[in-house]
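Overview (structure and organization)
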Amino acid sequence: MRRLPFIYIEDDIYEELICSICQEPLQNPILTEKCDHLYCRSCIVAHLELEKSCPLCREPLTMRELRDAPRLITNVLEKLLIQCNTCKTQMRHHLFPAHQSECNFQCPLGCGSIVRVCTLNDHERLCKRRLVSCTARDIKCAWSGMRGDLENHLASCAFEQMRHVIGHYQNQVEALQEKNEFLETTIVEMRVKCESVLEKHEADIKSLTKDVNQVRAQAPKNENTDSCAIL
Ligand SMILES: [Zn+2]
Ligand SMILES: [Zn+2]
Ligand SMILES: [Zn+2]
Ligand SMILES: [Zn+2]
Ligand SMILES: [Zn+2]
């Protein structure tokens, strides 16, 4: 069922002015051309999307057979007494659209301010009873409380008072982290370089050993040419 932003507070509303679909007094009343039945516009439009007949008499019915209700009906409906759901003010129905733009009520957070419905969002942002965190939350102050108490808290907030000291150390830590990262990458680079030099040396030694073995193998094999024997 439709939720209206107001309630009707009259007990004895003519039965003819009640919509048989939503059981509420008619909103934007529509009359069926053939059978003279009245419905709210939104109620009968929604009904015809499902079923092409009049809900009261079951006669076939289409959108083209709907007419605006006579002026007399809308006049009576406009004079019905209603109560705004938000501020509980009572008024005639036709005054409600104008009322909605200036409807106001007590702040739901309990600050005591009277708030207009249209500025509720702005008020909630600035309301002194809104829950906020300390401005030093970035440097780990865990305080949270009502906006109106923030100033008091800040006067004694150790984190905010130490912000310049904490900030100084934070900068130092960041600088050290940067330096550390640089050193780590340098170490990795040097290790890679050492390994490649080592590999090259191993290859050199291998090829030299091979050369020496080859020279040895090609040397003339004469036992008598032994230097010791000559001497
Ligand atoms: Zn209705
Ligand atoms: Zn009908
Ligand atoms: Zn209101
Ligand atoms: Zn407030
Ligand atoms: Zn704080």
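The structure presented is a predicted model; accordingly, all values stated were derived computationally and were not measured.

Pairing of strand S2 (residues 29-32) with strand S3 (residues 38-40), which is carried by three bridges, proceeds in the antiparallel orientation. The partner of Pro29 across the bridge, within S3, is Cys40. Summarising the sheet, S2 and strand S4 (residues 66-68) pair through three bridges and their orientation is antiparallel. Within S4, the position partnered with Ile30 by the bridge is Asp68.

Right, let's get into the pairing of strand S5 (residues 81-84). Inspection of the sheet shows strand S1 (residues 6-8) paired to S5 by three bridges, in the antiparallel sense. Bridging from a neighbouring strand, Tyr8 pairs with Ile82 of S5. Here S5 pairs with strand S6 (residues 90-92) via three bridges, running antiparallel. Bridge assignment links Gln83 to a residue of S6, and that residue is Gln90. Once S5 ends, the chain turns through five residues before running back antiparallel as S6, passing Lys88 with a positive phi of about 70°.

What follows concerns unusual backbone geometry. Backbone geometry at Asn28 places phi at a positive 45°, although glycine is not the residue there. On the neighbour-count criterion, Asn28 (14 C-beta atoms within 10 Å) is partly exposed.

In this section: the sheet that holds S1. Read across the sheet, three strands follow the order S1-S5-S6 without closing on themselves; strand pairing throughout is antiparallel. The open sheet has two edge strands, S1 and S6, and neither has a second partner. Each neighbouring strand pair of the sheet contributes to a mean axis angle of 35°, computed without reference to strand direction.

Now for the nonpolar core. Counting eight residues, the largest nonpolar core is built from Cys19, Leu26, Ile30, Tyr39, Cys40, Cys43, Ile44 and Leu77. Put simply, the parts of the chain that give this core at least two residues each are S3 and helix H1 (41-50). When residues no more than four places from it in sequence are discounted, the contact partners of Cys43 are Cys19, Ile21 and Cys22.

Let's shift gears to the environment of His47. By secondary structure assignment, the location of His47 is in helix H1. Contacts of His47, omitting those with residues within four sequence positions, involve Ile21 and Pro55.

The rules we used
- Residues numbered from 1 in each chain as written.
- Chains lettered and ligands numbered in written order.
- Predicted model: local features only at pLDDT ≥ 70, side-chain atom pairs only at ≥ 80, totals over all residues.
- Pairing = 2+ DSSP bridges.
- Helix = DSSP H or I, 4+ residues; strand = E, 2+ residues; numbered from the N terminus.
- Buried ≥ 20, exposed ≤ 12 C-beta atoms within 10 Å, placed from the backbone.
- Axes fitted to C-alpha atoms, helices over the stretch in contact; angles between N-to-C directions.
- Core = buried A, V, L, I, M, F, W, Y, C linked by C-beta atoms within 7 Å.
- Contact = placed C-beta atoms within 7 Å.

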